[in-house]
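Observations on the model geometry
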Amino acid sequence: MRKLLASTILAAGLYAGAGSAQAADCGSVSIAEMNWASAGVAAQVDKIILENGYGCTVTLVTGDTMPTFASMNEKSEPDMAPEFWVDSVRTALDAALAEGRLIQAAPLLSEGGVQGWWIPKFLADAHPDIKTVQDALAHPELFPAPEDPARAAVYNCPAGWNCQVSTANLYKALGAEQKGFDLVDTGSAAGLDGSIANAFEKKVGWLGYYWAPTAILGKYEMIKLPFGVEHDKKEWDSCTAIPDCPNPKVNGYPVASVYTIVTKQFAEKASVAMDYVKTRKWDNQTVSKVLAWMGDNQGTNEDAAKYFLKTYPELWTTWVAPEVAEKVKSAL
């Protein structure tokens, strides 16, 4: 859970109802402010736009994936979860959608949540022949291990994270050890981030697992390398994601589906807000840059939301009618 390109072509009809929004049309709205950065910022962006652009009265509710889903599904509270990683509750959510209790709106992350093995862009630019993970593994001299420069390194996730298992299995499937690479345990999220920062500071190669959107990828330009194969869900579920799988195969990482989820009651009582929720989405690079700004400036979720709205008007103004956009801009 760490782990946001808006469409520039929008049907004019989406704007019709939104432009005439009155406070009475929207009323009170409760939004889950999830406890990871990108979701928290998204909730604050929604709060600012719904309050100032549509006249809603917005309450933010602290949330996390499972308890928020259970509360929305069983109690219809809160009204909205802006950044919901739906694969974690796919079966239960499908049932709730089929029975009409919940509604899946726009994909907040237009590219989905992405994960995989990455290298620094400066290294990719210097070595354009490295286009896949296998290409990188053919050059152990470019990726020195921190404790033994005679060996190369693949940086793994911290212990206890699901990605530690998949990375270890892919390391084995690729025969990385035989190619001169050690699998490096970074110890913590801070350790993983620090290894990337150190590589950029020293301008040395780095190869390992990471995901987007994140502050690190907003601060440091990285390239995600393909594995040369499509994601095989059956293989993933039966081996890639299983600890110590005896015979793992090379596999691609899945792309996580990240949507806005709302309750049926919200969709019925706040149709003007639904016009907005069905439209807005953002790309991972933008979100990562906002998160990087947030980290560098020790900003809050609200600070980062205001920074986004002031810095990227060409993006968010495509989500709303022109008159709504002007109201929001005036409030910033």
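What counts, and at which threshold
Residues numbered from 1 in each chain as written. Predicted model: local features only at pLDDT ≥ 70, side-chain atom pairs only at ≥ 80, totals over all residues. Heavy atoms only, no water. Helix = DSSP H or I, 4+ residues; strand = E, 2+ residues; numbered from the N terminus. Rg over C-alpha atoms; globule rule 2.2 N^0.38 Å. Buried < 20%, exposed > 50% of the residue type's maximum accessible area, 1.4 Å probe, protein only. Areas by Shrake-Rupley, 256 points an atom, 1.4 Å probe, with all protein chains shown as cover. Lys, Arg positive; Asp, Glu negative; His and termini not counted. Charge placed at Lys NZ, Arg CZ, Asp CG, Glu CD. pLDDT = per-residue confidence, 0-100. Contact = heavy atoms within 4.5 Å. Expected span 1.5 Å × (residues − 1). Arc of directions from axis to C-beta. Phe/Tyr/Trp six-rings, centres within 6.5 Å; stacked < 30°, edge-to-face > 60°. Lys NZ or Arg CZ within 6 Å of the ring centre and 35° of its normal. Disulfide = S-S within 2.5 Å. Pairing = 2+ DSSP bridges. Core = buried A, V, L, I, M, F, W, Y, C linked by side-chain atoms within 4.5 Å.

Quick word on the overall build of the protein
Along the backbone of the protein there are 17 helices and 10 strands. Taking 2.2 N^0.38 as the reference for a compact globule, 332 residues should give roughly 20 Å; the C-alpha atoms of the protein span a radius of gyration of 22 Å, in line with that estimate. Taken over the C-alpha atoms alone, the protein extends approximately 70 × 40 × 30 Å along its principal axes. Within the protein, the proportion of its 332 residues that are buried is 51%. With an accessible surface of roughly 14500 Å², the protein has 52% of that area assigned to carbon and sulfur atoms. Of the charged side chains in the protein, 28 are positive and 39 negative; the average position of the first set lies 2 Å away from that of the second.

Remarks on the confidence of the model for the protein
Taken as a whole, the protein shows an average pLDDT of 91; of its residues, 93% reach a score of 70 or greater. Per-residue pLDDT stays below 50 along residues 1–24; that stretch engages in 60 contacts with residues further than four places along the chain or on separate chains.

Quick word on helix H9 (residues 189–202)
Residue pairs three or four apart in sequence face the same way in an α-helix, which turns once every 3.6 residues. Over its 14 residues, H9 extends 20 Å from the first C-alpha to the last, a length consistent with the 20 Å expected when each residue adds 1.5 Å. Looking only at H9, the buried set comprises Leu192, Ser195, Ile196, Ala199 and Phe200. Across the axial projection of H9, the buried residues extend over an arc of 130 degrees, all falling on one side. H9 presents Ala190, Glu201 and Lys202 as exposed residues on the side facing more than 90 degrees away from its buried surface. Residue Lys203 follows H9 closely and has a positive phi angle near 55 degrees.

Things to note about the packing of aromatic side chains
Here a ring pair, both rings aromatic, is described through the centre-centre distance and the interplanar angle of the planes. Summed over the entire model, instances satisfying the criterion amount to 19 aromatic pairs. Seen in terms of ring centroids, Trp117 and Phe227 are 5.4 Å apart; in terms of plane orientation they differ by 70 degrees. Their pairing is edge-to-face. Here Phe227 lies in the loop between strand E9 (222–225) and helix H11 (233–240) and Trp117 lies in strand E5 (residues 114–120), a separation of 110 residues in the sequence. The pair Trp117 / Phe227 is uniform in exposure class, with both members buried. A centroid spacing of 4.4 Å and a plane angle of 15 degrees characterise the contact between Tyr210 and Trp211, whose relative ring orientation is stacked. There is no split in this pair, since Tyr210 and Trp211 are both buried. Members of the aromatic cluster, joined through ring pairs, are Trp117, Trp161, Tyr209, Tyr210, Trp211, Phe227, Trp236 and Tyr253. Here the basic side chain of Lys203 rests over the ring of Phe122, its NZ or CZ set 5.1 Å away from the ring centre.

Some words on the state of the cysteines
This structure, assessed with the given rule, holds three disulfides. Covalently, Cys26 is tied to Cys56 through a disulfide, its sulfur atoms 1.8 Å apart. Between Cys26 and Cys56, the disulfide has an S-S torsion of 100 degrees and is therefore right-handed. In this pair, Cys26 sits in helix H2 (residues 23–26) while Cys56 sits in the loop between helix H3 (37–54) and strand E2 (57–63), placing the two residues 30 residues apart along the sequence. Covalent S-S linkage joins Cys239 and Cys245, the inter-sulfur distance amounting to 1.9 Å. On the sign convention where negative is left-handed, the bridge of Cys239 and Cys245, at about -110 degrees about the S-S bond, is left-handed. In terms of burial, Cys239 and Cys245 fall into one category: buried. Counting its disulfide-bonded cysteines in sequence order, the protein shows a connectivity of 1-2, 3-4, 5-6.

So, the side chain of Ser30
Its location among the elements puts Ser30 in strand E1 (residues 28–34). By relative accessible area, Ser30 is classed as buried at 18%. If we ignore the near neighbours within four places in the chain, the residues touching Ser30 are Thr59, Val61, Pro78, Asp79 and Met80.

Some remarks on the pairing of strand E7 (residues 181–185)
In this structure, strand E6 (residues 152–156) lies alongside E7, joined through five bridges in parallel fashion. By the bridge assignment, Ala153 is partnered in E7 with Asp182.

Structural notes on the environment of Leu102
Summarising the element assignment, Leu102 is placed in strand E4 (residues 102–104). Since its relative accessible area comes to 2%, Leu102 is described here as buried. Each C-alpha atom, one on Leu102 and one on Ala325, is 28 Å from the other, the two residues being 223 residues apart in sequence. What Leu102 contacts, discounting residues up to four positions off in sequence, is Phe69, Met72, Asn73, Leu93, Ala96, Leu97, Ile261, Val262, Thr263 and Lys264.

Comments concerning the nonpolar core
Val45, Ile49, Trp282, Phe308 and Trp319 are the most contacted members of the largest nonpolar core, which totals 61 residues. For this core, the element with the highest residue contribution is H3, accounting for nine residues. Contacts of Phe308, omitting those with residues within four sequence positions, involve Val45, Trp282, Thr286, Val290, Leu315, Trp316 and Trp319. In terms of nonpolar packing, the next biggest core, distinct from the first, is built from 44 residues, Trp117, Ala145, Leu170 and Leu207 among them.

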